[in-house]
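# Secondary and tertiary structure notes
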Amino acid sequence: ALKKYVLARARPGDVDDAIRVIDHFGRHVSFLINVGDEKGKILDRAVERTQPRLLLELGTYCGYSALRMARVMPREARLYSVEFNTANAEIARRILAHAGVDAKVTVIVGTLGDGGETIRTLKREQNFVPGSLDLVFLDHDKKAYFSDLELIVDAGWLHPGSVVVADNILVPGARAYRAHMRHNDGTLWHTAEHRTHAEYQSVIKDLVLESEYLGTQTSSTGTSRPER
Ligand code: MG
């Protein structure tokens, strides 16, 4: 339904219009679990501040947050978005193409926790090399946030200054992830907790975490760490 709605109502090649039409659908037609307009602005600002060249999203859903990131990321940047559900991935690809950002965004069907297949695909086919990943957006299976973060760190893709943004920390909730970020604040990560609301309403509270990677203790980069 969303795909038909966007293709019928959003101007082709206009990313702003695609975002507007999806927000309208989410508020007035049928609830969507994408990040939404209020929390989407937090994501926009993280991308604008970071000026990433390589971005990874976990949980494409219908492509809404990918549209938002593609709109504000630098012209030469590339976003790889991983989606578990094949049907969702197809909808997202169609919407991204309609909005004219399909050359900047690649949707990959899979999950980082699939035993290595998706990670190998990113390494071999998409040039994910150590220290290359500037921004990550986590918005998939809430129970997988922490384990998938560990896979990303273990792959060595992050560098000091890489930023990880995570949605839905309160609703539905990602307790282990939040606890990890709190426990390692000032050592491995520096985290800002953005107080906000769950998507497409203004009553239920939610948190978006924005965490800057500081590098490991044994890192030889010489990057200084902020005082607590
Ligand atoms: Mg979400």
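For the structure, check the block above.
The text that follows walks through the structure, step by step, so that each part is easy to find. As the structure is a computational prediction, the values presented were derived from the model and not from experiment. Starting afresh in each chain, residues are numbered from 1 along the sequence in its written order. For this predicted model, a pLDDT threshold of at least 70 governs which residues receive local features, and a threshold of 80 or more governs which side-chain atom pairs are given and counted, while totals over whole chains, interfaces and linings are taken from all residues. The side-chain numbers reported here are obtained from all heavy atoms of the structure, hydrogens and water having been left aside.

## What to know about the overall build of the chain
Numbering of helices and strands starts at the N terminus; helices are DSSP runs of H or I of at least 4 residues and strands are runs of E of at least 2. On a plain count of helices and strands, the chain comes out with 9 helices and 7 strands. In summary, the chain has a C-alpha radius of gyration of 17 Å against a globular reference of 17 Å for 228 residues, a match within 12%. Judged by the C-alpha coordinates and their principal axes, the chain covers about 55 × 40 × 30 Å. Residue burial is assigned from relative accessible area. The probe radius is 1.4 Å, only protein chains are included, and a residue is buried under 20% of its type maximum, exposed over 50%, and partly exposed in between. Expressed as a percentage of the 228 residues in the chain, the buried residues total 52%. Partitioning the contacts of the chain with sequence separation of at least 6, the portion at a separation of at least 24 is 71%. Surface exposure here means Shrake-Rupley accessible area, sampled with a 1.4 Å probe, where a residue is shielded only by the protein chains that are shown. For the chain, the exposed area adds up to about 10900 Å²; of that, 50% sits on carbon and sulfur atoms. Charged-residue counts in this description rest on Lys and Arg as positive and Asp and Glu as negative, His and the chain ends being excluded. Lys charges are placed at NZ, Arg charges at CZ, Asp charges at CG and Glu charges at CD. When the 30 basic and 30 acidic side-chain charges of the chain are each reduced to a single mean position, those positions are 3 Å apart. We take the radius of gyration over the C-alpha atoms and set the globule estimate at 2.2 Å times the residue count to the 0.38 power. Between two residues, a contact is recorded if the distance between any of their heavy atoms is within 4.5 Å.

## Some thoughts on the coordination of the magnesium ion
Donor criterion used throughout: N, O or S atom within 2.8 Å of the metal, extended to 3.2 Å for Na, K and Ca. Water excluded; incomplete-looking sites may result. Every protein donor of the magnesium ion is listed here as D139 (OD), D167 (OD) and N168 (OD1), and their distances to the metal cover 2.0 to 2.1 Å. Along the chain, the residues donating to the magnesium ion are arranged with the sequence spacing D-x27-D-N.

## Regarding the nonpolar core
Grouped together as the largest cluster of nonpolar side chains are 41 residues, with contacts concentrated most on L2, I22, V47, L55, L67, M69 and L96. Those residues in contact with M69 that lie beyond four places of it in its chain are L43, V47, L55, E57, L79, L135 and F137. Here, nonpolar core means buried Ala, Val, Leu, Ile, Met, Phe, Trp, Tyr and Cys residues that are tied together by side-chain atoms lying within 4.5 Å of each other. Counting 29 residues, the second-largest nonpolar core is a separate cluster that includes L54, L138, Y177 and W189.

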